[in-house]
Structure formats: structure tokens, C-alpha cells
Amino acid sequence: MATATGALPRFLHRPTTYNGIWSWVVTVDHKRIGVLYGASALIFFLLGGVEALTIRTQLMRPGSTAVSPDVFSQLFTMHALTMIFLAIMPLGVAFFNLVVPLQIGARDVAFPRLNALSYWVFLFGGVLLNAGWVFGGAAGDGWFAYAPITTSTFSPGPGMNFYVLGLLTLGVSSVAGALNFVVTILNMRAPGMTLMRMPVFTWMALVTSFLLITAMPVITIALIELGFDRFLGTNFFNSAAGGDPILWQHLFWVFGHPEVYILILPAMGIVSEVLPTFSKKPLFGYPFVVFSGLFIGVMGWGVWSHHMFTVGLGAVANATFAITTMLIAVPTGVKIFNWLGTLWGGSLEFKTPMLFAVGFIALFIIGGLSGVSHASPPSDAQQQDTYYIVAHIHYVLFGGAIFGLFAGIYYWFPKFSGRMLNEGLGKLHFALMFFGMNVAFGPMHWLGLDGMPRRIYTYDTAMGWDFWNLVSSLGAYALGIGTLVFIWNTVATLRKPHDAPADPWDGRTLEWAIPSPPPIYNFREIPHVHARDDFWHQKYTEGADGRAVPVPRGGAHQPAAQYGQGHEDTHGIHIPGLSYFPFITALGLGTAGAGIALQQTASLAGVIVMAVGLLVLFFGAYGWAFEPAGPEE
Amino acid sequence: MATTAQRHEQAHPTPAKYAAIAVILALITLVEVGVVYAGVGGLLLPILIVLSATKFGLVAMFYMHLKFDHRLFSALFVGGILLTTAILIALMSLFRVFFS
Amino acid sequence: MATASAPAAHPETTTGLDHRKLLMWAFLGSDCLFFGSLVATYLLYHGKSLTGPYPYEVFNIPYTSVSAFVLLMSSLTMVLALAAIQRGDMRGLKIWLLATALLGSVFLGGQYFEFTTFVEHGLTIKSNLFGSTFFTLTGFHGLHVTVGVIILLSFWVQALRSKIKPEQHLNIELAGLYWHFVDVVWIVIFTVVYLVEAPNIIT
């Protein structure tokens, strides 16, 4: 909003620093925000990993008392919440931020300050969700928090309050971020970049963003109702007043199943980029992959009650949701065949990203098959709440989402850091992860079918579960070691000088046409796109035998002279102005949330904290609305 | 495809037309209240749904300009409405609201 | 699509549509799910309260019809404010913005009076399922109206101080879209919460 700037206090002038810590607080650059998202998500990933290893230590031997039962409940609850909401989702968003503007040939996202707000709200939401650890116990009622055990009668501690406020805050972040990407992808594509020329990763970012803006409001309402039950004494899930705890299950899973696709679609998009690059072939059946993704996005709304087959919804409901659930396996299968078709006959190059992408396919197939096995209600009745379910979700979310995301990290790390990760350590990381993953989660299938319930604190040796629990825990430690190798590789690489060429993998999409790391304005000249995999077509043409032949004047690994990158004259390129207000607004929101969460334990202090937070929030939003458009000349 | 009519925002209605829409909206509201007091029995619910959907549609099409604007806006809004309605109907079926 | 007709070097956007307007419509699509979930909860719990007061004991259909009419007419004044700024009539803009904010405030005052009357009848957010679902649904709608009134008054103050120019009519259009959305949500609530209850009140 262009208002007169002369009368504004000094503080309201836009910051101008591009160096130091403050430059990260006030940044609106999509690449820096992507790095912030990624780094925060990896830290939360380590936290969730420590929680997982503690769980596996407790379960390694029968009758163990490594942690107390109460702490154990908090560990498995927070492990799930951390991995889902604070690791996998933000890692996906990190790649949206880093890669999508480059793939569509844009200089930034549509709303750079809103983008910064999304990140800061995410960070404060993550802190809120974990704040229970400090204030007398984190949430310990399972990540899907079934009523009525989450009402204040059965869960009086502040843990569930932080669950409610933390997830509400994260929801604000997700919706703000997803709205931004919907507009960015629909409205900021370079000339010629039609929808059917968009890279598959960008497509999946679009589908995921639509799922986020539609699914998050549902969990928001469920959380508000639960919060009102806890704070105001309403009756939403209070069966003594006629309330129905099953409503919570429905609202949670109406959100929860689209959420599953929110977690996996970004990874599917990454794999759809990595496989063609390292096979030197275009993606097999591009339209099928895109439309399968869209179909999954729509169908994902019609399957939620398969999480509730044992509730007793009735034969008609169970049969209906069984059929829709089996149906949604079809587009997923279509994608898998297309990935295999991409590999077929390609000149395969097994660099680390490719290993993780191929690992993704193998492990995701196993997870998908076990998923189909509980699409059938009678079969599900045997598996519900057993370790078989734990095995399934870890094959799809660890073997699937995390492997896909690691493929993305190894693939795009050179682009944004300007440095090549060590291949040897990368392969060691992959080997430990692939091995550890199967050893840790494979045995859970038979533990589950043998009747071991999930979330159980300990077990008796007479149950006969000792051996496979021991094996599973050892596999988990292998995953821990693999993660250490990854950290070592990353830290060591970041201390090296820049060595990455613009196009280290002989890539196909626009992000490889500009230097590594990209300049702040990305493209000096906005590219004109003439084909799907446009950058590949600039480098190669088709020979008489149908094989790719390098274009004579350039060829592979040419220095990126495209889009005027050689020129140093960047005058006239509009860079969005830095801003304090996203951080301030997010800080206010997070503080207000903390104040509300503390109402039950320390009501006066809670009210004060909430009031301060709301004031800061109001100040941030007001300052934002009247912030001058750019640095004053 | 966007036709020229859709891109020309000048095609917006005149204030007189806006006022005419308001009169229609007011009349429908009157009819709604009238139907309620007339006592039409089992027909009440379907009549009310049709009448309120008409009001909803008039505001969305004319005051929110969806009738004249780009189709993408309609797609985003109608998509949200359809998804909401589908979930609502599914939940009401699951809770046996329709066949109790 | 639209780029074909724009031979300029840098078309503003891919679709030719404004970023902010696209954002607003995507947000409204998202907000449908927000209110849809609240309405779903209300309808699923309809008639499930174990104790009173029940809806037919507290609702006053003529009263609510008037306040629904007030909000409906605020949509007219809102769109007239937009028409005013689009033709450069800043005086009209000020009048219609203020009128819209006032009608919205009348609606909110009516809601406040309705809520206090209900509380006097013994209906609170705690008393039964009806109270919990009713106050949550209409309360969140009221919160949306309140935000709308604040936005409208901010623009009105800007217009008074001549800080808003006719070229900035998109700002008013976006505020209008939000305002009309809040209005259509009330059209739904008025029907599924109040009017369907009327036969129980009359008989």
C-alpha cells in the first residue's frame, strides 16, 4: 500500500541489511526462507529421531523401565507429531520454497512477506507444540488425540493444551504458505510455461497446496472444539451431555487422510524429477503422473473412515470406504509403473539422489501393499492398533516420504549451497538407511500380526516378542548412525569452498540453467519456455536413432550463460523489500498461543502473556498493512 | 477460455442494477419468512434450501462479480463449496441423520 | 491463456489476474471448509441435547430475520462503495463504506443482544450441545463480521484523509469480496440454524 512515508517513525522504514543474523530474520527471499524451513525441519527431525531411539531403547528388552510409562506416552505422541508436522511437512515446504520459483522461471513467490510469515509462524508453532516438555509434560494421548481421553477430565496437564495451540498455529502457517504457492504456481509461470509443461514437482506442490488450504480448516475446527471443551467447558466431546467422541475421530480423519497425501505427494514429485535426470530420459507418461497426482488429491477426501473400520460405523459405511480405499491404490500404482517405465532402457547413473529415489519406489511399494491389506475391514480388524500399522506407516512415511525428501536434499543441495555433497558418504548414508529401515520396521509386521499392540509401554518375555523387538531396536540404531553420517557429510561439505557447477547432474528443468547458488534475483532475464523439460531441449536434440544428441554449440555441462546470467548489470530488477513485520506478527501469534495454553495452569500469567501476544500481533499486522512498498530512494 | 466479456471489468452492473438485486434478495427473505409461517409441512426444507441457495447465488454472481469475472475465481470458490457440501452430506449419512 | 493477447515484454501475471484477488478467492474457498465444519458439527448435534434450553425455546425468528436483512443490505452498500471508487466518486466511497460498517455494527449489536437474551434464558456455551454448537458457529461468524468492520473503518479513515486513490479500487474490491462472503455464510446460517426451527416454535 503506497502511503506517504515521510511521517513514519524510523522503525517502520524497511530494513536494508543483507548480512548477519538480522538479515535472516527480515529476509523475504524464497531461497533463504527455504533454507530456514529446511534447517529447522532437520533439527526437528533429529529431535523426533532421539524420541524414536528412546522408544526403541525402552522396547528393546522385555520388562524394561528405561523411561517411565508417562514419559513413554509423551515420547510416542511427540515423536509422531514432530515427524509429521515439524519434519516431513516443512521439509516438503522447504523444497516448495527453494525449487518451485526456479522451476517456473520466477524471481520470487507471489507474496514474499506472507512467505516469511509462514516460516516464522511454523517455527513458533513447533516451539509451542514442544513447550509441554518444559511446562509439566508434553502431549501424551497419541498423535490423533482421540476424545474423550483428551478432555480435561482425563488429561488435565498442559500437554494437550500445547497440542491444541501448537497445531492451530501450525495450521495458520500451512494455510498461509499454501495460499501463497497456489497463487505463485498459477500466476507466476514464465511465458510459455503452460500447466502441462510444468515440472512434476511443481505440479505436486500445487496439488499439495490445494490439499493444505482445504484440509487445514477442518482440523482447525476440530481443535477449536477440543480447545473449547478444555478451556470453556463446552460439550462437543462430552458424552455425559450427549456429545459424541466419534465426531472428533471423523473431523480428525477428514483432515488426517488428505494429510497423508500432503506428506507423500512432495516426495513423489521429487522422485519424478530425480528419476528422469539420472536415467537420461524424459519422465515416462508425464500426463499419467500428473493426473494420477490430481486424482489422488481428489480421492484423498473420500477414504477417511478406513481409519475407523473398528468403530462400528456399519456394513454400508465400511464397505463404501473399503472400496474407495482400494480405488485410491490405482493412481498410486499408475505412478509406480510410470517411474519403472522411466528407468526402463535408460542410461542409469546411480548417484546418491538416484539411490534414494529407487529406494523410495521399493519401500513405498511394500508400504502400499500393507496398506491395501488393511483396506479390507475384516483384515483391518486384525491389524488395527497393532505394530503392523506401525510397520505400514513407517514404510510409507520413512521409506516413502523421508527417502523421497533425502533424494531431494542430495539432488538440490549443490544448487543452493554451491557445494557438492560427498558421494561416498552419501552412499554410506543410503546403505545404512536402507538396511536400518528394513531391519527396524520389517519385523514390526510380524510383531503386529503376532498381536503386539502399538503404543504398549513394555511386554512380558512370555509373549515371545523379545527377539524381533531386539532386532527392530538394532535397526533403529543403524538409522541413527546413518543420520550421523548425513550430518557429518553436510557439515563437512558446508565448510568447503564453492565447487558446484550450475548443472552438476545434467538436469532437465530451469533451476539448472542458472548458477549455483542462484543470484538473489534468480533469472536476470525471465526465460521463455518452449517445451516440457525446456532446459534439456536447449542442450540436446534427437538423433536419427531416437537417442539424445548434444546440441553442437553447447552440450552438457556448459557454463550457464542462459538468461543473461553473464552480465553483472542488475539494475532495474525489482527485489522485494525486507521486512520486520512477518517476524513480529508471528511472534505475537505464538506468544498469544502460549498464553492461551497456559490458562489452566497459571491463569493470571496466561492472560497477561496472551494479552501481550495479541498486542504484538496487532502491532505487527497493522505495521505490515501500512508498510511502505519498498526501500525509499 | 476467457472471452473478452470476461476480461472487461467495465461490464460490471450499474448501481441501479445492484439495487434491483437487493430488492430481489429482500423479497426472497420475505418469502422465506412467509413460507415458515404459512406452514407448508414437509416441503419446508426443500423450499428453504432452494430459496437460500438462490440468495447465495445472486450475491456471489452479482455482488462478488463471479458472473463477469474470470472462471478461475469461480472454480476456486465453487470447488470449496462442493467439497464442503460433499463432506457435510457424507458426515450426515454416517451419523444417520437422514434415515433415523 | 491470457498471455497470448498481451504482447508486452513482461506480462504482469500468467493468467492476467491480480495476485491478491487470486489469493482472496483461494482463501474464500478455504474458508468454506472452515464454516462447513462448524455447520456440520451444528447439524450433527441437532436435536441431541439432553437438557434445555432447546432452540425453539429461545429463538425469535422475526428478530433474527431483521438482523439477517440488515446484513443482506450491507452487501448492497458494500458493492455501491466499490462502484463509487471505480467511477472516481470518493465522496460516494466514504458514504457507502461508512454505511456498510454501520450496518455491520448494527448486525453485531443485534447478535450481542441476542446472545445476552439467550444467556438470560439459561442458555450458555456450557449448558448443552445446542449451546456449545450454536455459540461457536455464530460466534465465529460474528468474529468474521468484526474483522470486516475493522477493515471497512480503516479504509473509511484512509478515505477521509484522502490517503486512498481511485486507482486503488482493488483494495475496496477485496474487502468487498470478504464482506460478501461473510454475508453469504449468514444466508446459510439463517436458513439451517434459524428458519428450519420455526415450525417447532409456531406449533
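Basis of the calculations
Residues numbered from 1 in each chain as written. Chains lettered and ligands numbered in written order. Predicted model: local features only at pLDDT ≥ 70, side-chain atom pairs only at ≥ 80, totals over all residues. Heavy atoms only, no water. Helix = DSSP H or I, 4+ residues; strand = E, 2+ residues; numbered from the N terminus. Buried < 20%, exposed > 50% of the residue type's maximum accessible area, 1.4 Å probe, protein only. Areas by Shrake-Rupley, 256 points an atom, 1.4 Å probe, with all protein chains shown as cover. Lys, Arg positive; Asp, Glu negative; His and termini not counted. Charge placed at Lys NZ, Arg CZ, Asp CG, Glu CD. Contact = heavy atoms within 4.5 Å. Axes fitted to C-alpha atoms, helices over the stretch in contact; angles between N-to-C directions. Parallel < 35°, antiparallel > 145°, perpendicular 65-115°, else oblique. Nonpolar A, V, L, I, M, F, W, Y, C, P; charged D, E, K, R; others polar. Buried area = accessible area lost by both parts, 1.4 Å probe. Salt bridge = Lys/Arg side-chain N within 4 Å of Asp/Glu carboxyl O. Polar contact = N/O pair within 3.5 Å; in protein donor to acceptor, adjacent residues only side chain to side chain. Bend = angle between axes of the 7 residues up to and from the residue. 1 Å grid on protein atoms, 1.4 Å probe; cavity = no way out; pocket = protein on both sides within 12 Å on 5 of 7 lines; lining within 4 Å. Points joined across faces, edges and corners; volume = space filled by probe spheres on them. Core = buried A, V, L, I, M, F, W, Y, C linked by side-chain atoms within 4.5 Å. Domains from an automatic or database assignment. Phe/Tyr/Trp six-rings, centres within 6.5 Å; stacked < 30°, edge-to-face > 60°. Patch = residues over 30% accessible without salt bridge, like charges linked within 9 Å, V, L, I, M, F, W, Y side chains within 5 Å.

What is the right way to read the overall build of chain C from this model?
If you tally the helices and strands in chain C, you get 7 helices and 0 strands. Secondary structure elements of chain C occur, N-terminal to C-terminal, as α-α-α-α-α-α-α. Taken over the C-alpha atoms alone, chain C extends approximately 70 × 35 × 25 Å along its principal axes. Across the 203 residues that make up chain C, the buried fraction comes to 59%. Roughly 7,600 Å² of accessible area belongs to chain C as shown, and the carbon and sulfur atoms make up 67% of that amount. The distance from the centre of the 10 positive side-chain charges to the centre of the 11 negative ones in chain C is 11 Å.

Sorry if this is basic, but what is going on with the overall build of chain B here?
Regarding its fold elements, chain B presents 4 helices and 0 strands. Secondary structure elements of chain B, listed N to C terminal, follow the sequence α-α-α-α. Burial analysis of chain B (100 residues in total) assigns 45% to the buried set. Summarising the internal contacts of chain B: among those between residues at least 6 apart in sequence, 56% fall at separations of at least 24. Carbon and sulfur atoms make up 75% of the accessible area of chain B, which amounts to about 5,200 Å² in all.

Please clarify how the packing of helix 3 (residues 44–63) of chain B against helix 3 (residues 61–86) of chain C should be interpreted in this entry.
In a pair of packed helices, the angle between the axes and the distance between the axes together describe the arrangement. In the contact formed by helix 3 of chain B and helix 3 of chain C, the axes pass within 11 Å of each other and the chain directions differ by 10°. Classified by the interaxial angle, the pair formed by helix 3 of chain B and helix 3 of chain C is roughly parallel. Residue-level inspection shows Lys 55, Val 59 and Tyr 63 of chain B of helix 3 of chain B in contact with helix 3 of chain C, the latter providing Leu 72, Ser 75, Leu 76 and Val 79 of chain C. Looking at side-chain class alone, the contact of helix 3 of chain B with helix 3 of chain C contains 5 nonpolar, 1 polar and 1 charged residues.

Before we go on, may I ask you to explain the interface of chain C and chain B in this structure?
Often, the extent of an interface is quoted as the loss of accessible area on bringing the components together. Listed as interface residues are 46 residues of chain C and, on the opposing side, 42 residues of chain B. Each partner contributes to the roughly 3,900 Å² buried at the junction of chain C and chain B, and carbon and sulfur atoms together form 83% of this total. Viewed at the interface, chain B and chain C are joined by 1 salt bridge. Across the salt bridge formed by Lys 21 of chain C and Asp 69 of chain B, the nearest N and O atoms sit 2.7 Å from each other.

Is there a simple way to explain the side chain of His 445 of chain A in this structure?
Residue and element names in this part refer to chain A. Residue placement: His 445 occurs in helix 13 (residues 423–449). For His 445, a relative accessible area of 11% puts it in the buried group. With near-sequence residues (within four places) excluded, His 445 lies in contact with Ile 366, Ser 370, Tyr 388, Ala 391, His 392 and Tyr 395.

How should the interface of chain B and chain A be read in this particular structure?
Facing 9 residues of chain B, the contacting portion of chain A comprises 16 residues. Between chain B and chain A lies a buried interface of about 920 Å² when both sides are counted; carbon and sulfur atoms form 88% of it. In this structure, the connection of chain B to chain A is made through 0 salt bridges. For the pair chain B and chain A, the number of links is 1 residue pair in polar contact (both at pLDDT 80 or more). Taken together, the residues of the side of chain B that touches chain A sort by class into 8 nonpolar, no polar and 1 charged.

I'm lost on helix 12 (residues 387–417) of chain A in this one. Help?
What sets the pattern is the α-helix's 3.6 residues per turn: residues three or four places apart point alike. All names here are of chain A. When the local axis directions of helix 12 are compared, the greatest deviation, roughly 40°, occurs at Tyr 411, which is followed within four positions by the proline Pro 414. Extensive coverage of helix 12 is indicated by the burial of 30 of its 31 residues. The opening residue of helix 12, the one whose side-chain oxygen lies 3.1 Å from the backbone nitrogen of Tyr 388, is Thr 386. Once helix 12 ends, the next one or two residues include Gly 418, with phi positive near 75°.

For this particular structure, what's the right way to read the packing of helix 12 of chain A against helix 14 (residues 466–494) of chain A?
Residues and elements named next belong to chain A. Relative orientation of the contacting elements helix 12 and helix 14 amounts to 10°, with a least axis distance of 12 Å. When the axes of helix 12 and helix 14 are compared, the pair comes out roughly parallel. On helix 14, the residues that touch Phe 398, Phe 406, Ile 409, Tyr 410, Phe 413 and Ser 417 of helix 12 are Leu 479, Phe 486, Asn 489, Thr 490, Thr 493 and Leu 494. When its residues are assigned to classes, the contact of helix 12 with helix 14 shows 8 nonpolar, 4 polar and no charged.

Can you walk me through the environment of Thr 483 of chain A in this structure?
For Thr 483 of chain A, the location among the structural elements is in helix 14. When residues no more than four places from it in sequence are discounted, the contact partners of Thr 483 of chain A are Phe 45, Leu 46, His 429 and Met 433 of chain A.

Help me understand empty space enclosed by the protein in this model?
Gaps left between atoms are located by rolling a probe of water-molecule size over the structure's atoms. Counted under the stated rule, the structure contains 9 cavities of 30 Å³ or more. The calculated volume of the largest cavity comes to roughly 130 Å³. Lining the largest cavity are 15 residues, and of these Tyr 37, Met 89, Val 93, Ser 173 and Ser 174 of chain A sit closest to its centre. Elements with a minimum of two residues in the lining of the largest cavity: helix 3 (69–103), helix 5 (159–187) and helix 6 (200–231) of chain A. Considering only residue class, the lining of the largest cavity consists of 12 nonpolar, 3 polar and no charged. Looking at the second largest cavity, the residues that line it are Val 218, Leu 251 and Val 254 of chain A, Thr 84, Ile 87, Leu 88 and Leu 91 of chain B together with Leu 33, Gly 36, Ser 37 and Ala 40 of chain C. When residues of the lining of the second largest cavity are traced back to their parent elements, those giving at least two are helix 7 (245–279) of chain A, helix 4 (71–94) of chain B together with helix 1 (19–44) of chain C. Residue composition of the lining of the second largest cavity, by class: 8 nonpolar, 3 polar and no charged.

Is there a simple way to think about the nonpolar core in this case?
The tendency in soluble globular proteins is for nonpolar side chains to be buried as a group. Core analysis: the biggest nonpolar cluster contains 297 residues, and Phe 85, Tyr 163, Trp 248 and Phe 360 of chain A, Tyr 63 of chain B together with Leu 93 of chain C have the highest contact counts within it. Looking at this core element by element, the count peaks at 22 residues for helix 3 of chain A. Each of domain 1 (29–568) and domain 2 (584–633) of chain A contributes no fewer than three residues to this core.

Before we go on, may I ask you to explain unusual backbone geometry in this structure?
In most cases, non-glycine residues show a negative phi, while peptide bonds are predominantly trans. In the segment running from Ser 516 of chain A into Pro 517 of chain A, the intervening peptide bond is cis, with an omega of -15°. The topology assignment puts Pro 517 of chain A in the loop between helix 14 and helix 15 (534–539). Here Gly 52 of chain C and Pro 53 of chain C are connected by a cis peptide whose omega angle stands at -5°. With respect to the secondary-structure elements, Pro 53 of chain C resides in the loop between helix 1 and helix 2 (55–58). Even without glycine at this site, Asp 506 of chain A takes up a positive phi of about 60°. The residue Asp 506 of chain A is located in the loop between helix 14 and helix 15 in this model. Judged by relative accessible area, Asp 506 of chain A falls into the buried class, the value being 4%. With a phi close to 55°, Ser 162 of chain C is a non-glycine residue in the positive phi region. Positionally, Ser 162 of chain C belongs in the loop between helix 5 (129–160) and helix 6 (169–194).

Any chance you could explain the side chain of Thr 64 of chain C here in plain terms?
All names here are of chain C. Position of Thr 64 relative to the elements: it lies in helix 3. Under the relative-accessibility criterion, Thr 64 is labelled buried at 1%. Leave out the neighbours within four places in its chain, and Thr 64 touches Glu 114, Trp 186, Phe 190 and Tyr 194.

Explanation requested: the pattern of salt bridges in the structure shown.
Opposite charge on two side chains permits them to pair, given that their charged atoms come into close proximity. Residue and element names in this part refer to chain A. One pass over the full model with this rule turns up 12 salt bridges over all chains. Residues Glu 423 and Lys 427 are paired through a salt bridge, measuring 3.2 Å at the closest nitrogen-oxygen approach. Residue Glu 423 and its partner Lys 427 are located together in helix 13, separated by 4 residues, close to a single helical turn. Relative accessible area serves as the criterion here: at 24%, Glu 423 is assigned to the partly exposed category. On the accessibility criterion, Lys 427 (36% relative accessible area) is partly exposed.

Looking at this model, I keep getting lost on the packing of aromatic side chains. Mind explaining?
Centre-to-centre distance and the angle between the planes together describe a pair of aromatic rings. Within the structure shown, the criterion is met by 79 aromatic pairs over all chains. A ring pair is formed by Trp 22 of chain A and Tyr 580 of chain A, whose centres lie 6.3 Å apart and whose planes are at 80°; its orientation type is edge-to-face. Highlighted residues: Trp 22 of chain A in helix 1 (residues 20–25) and Tyr 580 of chain A in the loop between strand 2 (548–550) and helix 16 (581–597), separated in sequence by 558 residues. A centroid spacing of 4.6 Å and a plane angle of 35° characterise the contact between Phe 59 of chain C and Tyr 194 of chain C, whose relative ring orientation is tilted. Here Phe 59 of chain C, found in the loop between helix 2 and helix 3, pairs with Tyr 194 of chain C, found in helix 6; they are 135 residues apart in sequence, far enough to count as distant.

How do you make sense of a nonpolar patch on the surface when you look at a structure like this?
Residues and elements named next belong to chain A. Together, Trp 133, Val 134 and Phe 135 give the surface a local cluster of nonpolar side chains, amounting to about 310 Å² of exposed area. Position of Val 134 among the secondary structure elements: in the loop between helix 4 (112–131) and helix 5. A relative accessible area of 68% places Val 134 in the exposed class.

Take it as geometry only, folks, not as evidence of what the structure does.
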